[in-house]
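Architecture at a glance
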Amino acid sequence: MLIRFILGSYILPQNVEVVLPIITLHRNPELWSKPAKVDPDRFLPEKSRDRSPYAYIPFSGGPRNCIGQKFALLSMKTILTAIFRKWRVKSVKTSDMIHFHFSITYRPTEVFLYFIPKK
């Protein structure tokens, strides 16, 4: 039996691997206003209400998403809260100067930050 998947006008045959470049989803101007801008407020409940839960999937989505997602998010929030309580953090480079590397994760090739003590 030949199993295939129909996606819009595309027919994907059996045994074809499909890769979703998540960064294109996360930077899609149809889903996000000013998609390259860091704006934590876009995740507020009132702004997320009408948006698909799969519009932002840094840990994948659905039944096969990352099992460590909740732990990773709690760890990041704890560490960043501790840092931001005592420091102002600023990037040495602007976003257009930063180069990224694709592997299992999408990450910058190098990170240079200023840590300015808060008074």
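Rules used throughout
- Residues numbered from 1 in each chain as written.
- Predicted model: local features only at pLDDT ≥ 70, side-chain atom pairs only at ≥ 80, totals over all residues.
- Heavy atoms only, no water.
- UniProt positions renumbered as here; feature names shortened; annotations may be inferred.
- Helix = DSSP H or I, 4+ residues; strand = E, 2+ residues; numbered from the N terminus.
- Rg over C-alpha atoms; globule rule 2.2 N^0.38 Å.
- Buried < 20%, exposed > 50% of the residue type's maximum accessible area, 1.4 Å probe, protein only.
- Contact = heavy atoms within 4.5 Å.
- Areas by Shrake-Rupley, 256 points an atom, 1.4 Å probe, with all protein chains shown as cover.
- Lys, Arg positive; Asp, Glu negative; His and termini not counted.
- Charge placed at Lys NZ, Arg CZ, Asp CG, Glu CD.
- Salt bridge = Lys/Arg side-chain N within 4 Å of Asp/Glu carboxyl O.
- Domains from an automatic or database assignment.

The name given to the chain in an unreviewed UniProt entry is Cytochrome P450 4c3, with the source organism recorded as Ooceraea biroi. Database annotation for the chain, UniProt heading Cofactor (unreviewed entry): "heme". As its UniProt record puts it under Function (unreviewed entry), the chain is described as follows: "May be involved in the metabolism of insect hormones and in the breakdown of synthetic insecticides."

Looking only at helices and strands, the chain has three helices and six strands in total. Mapped from its N terminus to its C terminus, the chain presents α and β elements in the order β-β-α-α-α-β-β-β-β. By the compact-globule yardstick of 14 Å for 119 residues, the chain is too spread out, its C-alpha radius of gyration being 19 Å. Evaluated residue by residue, the chain yields a buried proportion of 7% over its 119 residues. Nonlocal contacts in the chain, meaning residues at least 24 apart in sequence, comprise 34% of its contacts between residues at least 6 apart. Just so you have it, the chain exposes about 10900 Å², and 62% of that area is on carbon and sulfur atoms. Counting 19 positive and 8 negative side-chain charges, the chain places the centres of these two groups 8 Å from one another.

This part takes up the UniProt feature "binding site: heme" (unreviewed entry) in the chain. Here, the residues flagged by UniProt with the feature "binding site: heme" (unreviewed entry) are Cys66. Within the fold, cysteine 66 resides in the loop between α2 (45-48) and α3 (69-86).

Under the criterion given, the structure shown has one salt bridge. Across the salt bridge formed by glutamate 110 and lysine 93, the nearest N and O atoms sit 2.5 Å from each other. Separated by 17 residues along the polypeptide, glutamate 110 in the loop between β5 (106-108) and β6 (113-117) and lysine 93 in the loop between β3 (87-91) and β4 (100-102) bring together distant segments of the chain. Among the residues examined, glutamate 110 registers a relative accessible area of 38% and is labelled partly exposed.

Below, the discussion takes up the domain arrangement of the chain. Taken domain by domain, the chain holds domain 1 (1-57) and domain 2 (69-118). Inter-centroid distance (C-alpha atoms) of domain 1 to domain 2 is 24 Å.

Moving on to unusual backbone geometry. Of note in this structure, lysine 34 is not a glycine but carries a positive phi near 50°. Residue position: lysine 34 is located in the loop between α1 (22-26) and α2. The exposure class assigned to lysine 34 is exposed, which follows from its relative accessible area of 62%. Residue serine 60 is not a glycine yet carries a positive backbone phi of 75°. Inspection of the secondary structure puts serine 60 in the loop between α2 and α3.

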